[in-house]
Amino acid sequence: MIVVTGATGALNGATVDHLMDRLPARDIAVAVRDVSRADRFAARGVEVRRGDYADPATLADAFRGADQVLLVSASDPGADAVALHRTAIEAAVDAGAGRILYTSHQGAAADSPFGPARDHAATEQVLAGSGVAWTALRNGFYAHSLGWLTGPWRETGRIVVPADGPVSWTAREDAAEAAAAVLTSDGAFDGPVTLTAGTAPTFAEIAEIASDLSGQRIECEVVEPEEWVTGAVAAGQSEFLARFTLGIHLAARDGFFAGVDPLLGDLLRREPRTVRDVLAGAVPATP
Ligand SMILES: NC(=O)c1ccc[n+]([C@@H]2O[C@H](COP(=O)([O-])OP(=O)(O)OC[C@H]3O[C@@H](n4cnc5c(N)ncnc54)[C@H](OP(=O)(O)O)[C@@H]3O)[C@@H](O)[C@H]2O)c1
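Residues numbered from 1 in each chain as written. Predicted model: local features only at pLDDT ≥ 70, side-chain atom pairs only at ≥ 80, totals over all residues. Heavy atoms only, no water.

A. Structural context of the environment of Gly-140. Tracing the chain through its elements places Gly-140 in the loop between β6 (133-139) and α6 (146-149). Spatially, the C-alpha atom of Gly-140 lies 4.6 Å from that of Thr-196, the residues being 56 residues apart in sequence. Every residue in contact with Gly-140, bar those within four places of it in the chain, is listed here: Gln-106, Ser-168, Thr-170, Leu-195 and Thr-196. (Helix = DSSP H or I, 4+ residues; strand = E, 2+ residues; numbered from the N terminus. Contact = heavy atoms within 4.5 Å.)

Here is the structure:
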């Protein structure tokens, strides 16, 4: 049996949809914080269990009978993500899981300027010390994030960033589908695996794509980081979010998101979606 956490979220919910296309429902269970939001899985015969990393007492039953457990990376702002992940990993080990999979991030590194990348690196260390086979699905940066990271370029003709660098922007839908392929691959993937689109354009290159698609000249402007934060706050963003976003750009500038890997395309048996697809509206620009 495969137990999937975070199935009421976008990524792992889509992974369960793909699993249901590949496996009988009795071989899948979801462990979610709010079971009332998992009706669509129950309706198709998937067992719905309650499981909250912040409530360890729920996890023994949530992971019961699992051959594999797919853990979503926790997302609540302000939470100690690594502590939550450690709790979940220990519970999966105690439940006798044969493999633990985790939704990590391309660019997971202890020295990244992007906070979640440091949490992912620390979580992978916990997995490596768990004594159980593990797979870290290092997903590329969600391509739909470009919807807010590039700002209102259609109106202003400008994409303004505090630093520029290559990012292997990847469709969340593609990462979800690939996770289902990995889960049904009989343990062929061990340790960190990188799931990215095939190219890693800079914001300057994204401005070129935007120019091409819109038929108007879109400029990419790189401004001083503190000037950029001041501008973002003046435009109504919280300073916390502005500095969080600055971390993304600095990590990109330093090359943390530059790597690409053909594995995603191999698993999908087609080309992953591209930045051009996203900017053209072929990928929903959800937050
Ligand atoms: N690769 C990227 O670019 C990128 C970008 C943003 C985020 N992420 C990471 O990828 C993860 C999945 O992305 P997503 O788009 O599916 O996010 P999402 O739609 O917000 O889903 C996150 C899921 O995690 C669950 N969750 C959060 N804290 C939990 C806890 N303590 N115990 C159990 N479940 C918990 C949430 O449960 P509820 O449904 O009950 O809220 C939700 O189902 C995110 O959580 C985040 O860590 C990656």
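B. The arrangement of a nonpolar patch on the surface in detail. Taken together, the side chains of Phe-240, Leu-241 and Phe-244 present a nonpolar region at the surface, about 290 Å² in accessible area. Structurally, Phe-244 is set in helix α11 (residues 239-253). (Patch = residues over 30% accessible without salt bridge, like charges linked within 9 Å, V, L, I, M, F, W, Y side chains within 5 Å. Areas by Shrake-Rupley, 256 points an atom, 1.4 Å probe, with all protein chains shown as cover. Salt bridge = Lys/Arg side-chain N within 4 Å of Asp/Glu carboxyl O.)

C. Examining the pairing of strand β4 (residues 68-71) more closely. A two-sided burial pattern is seen for β4, the buried positions comprising Gln-68 and Leu-70 on one face and Val-69 and Leu-71 on the other. The sheet contact formed by strand β1 (residues 2-5) and β4 spans three bridges and is parallel. The partner of Val-4 across the bridge, within β4, is Leu-70. With four bridges joining them, β4 and strand β5 (residues 99-105) adopt parallel strand pairing. By the bridge assignment for β5, Leu-70 is matched with Leu-101. (Buried < 20%, exposed > 50% of the residue type's maximum accessible area, 1.4 Å probe, protein only. Pairing = 2+ DSSP bridges.)

D. Representation of the sheet that holds strand β3 (residues 47-50). One open sheet holds the seven strands; their spatial order is β3-β2-β1-β4-β5-β6-β8, and the pairing between them is parallel. Where the open sheet ends on each side, the last strands, each with one partner, are β3 and β8 (191-195). The average undirected angle you get between the axes of adjacent strands in this sheet is 20 degrees. Where helix α4 (residues 81-94) meets the sheet, its contacts fall on β4 and β5, and the angle it forms with β5 comes to roughly 160 degrees. Strand contacts of helix α8 (residues 172-183): β1, β4, β5, β6 and β8, with the helix running at about 160 degrees to β6, the strand carrying the most contacts. (Axes fitted to C-alpha atoms, helices over the stretch in contact; angles between N-to-C directions.)

E. Spatial organisation of the side chain of Asp-52. Tracing the chain through its elements places Asp-52 in the loop between β3 and α3 (59-62). Buried charged residue Asp-52 carries no salt bridge. Nearest counter-charge: Arg-50, at 4.5 Å. Those residues within four positions of Asp-52 in sequence are excluded, and the remaining contacts are Arg-33, Thr-58 and Leu-59. (Lys, Arg positive; Asp, Glu negative; His and termini not counted.)

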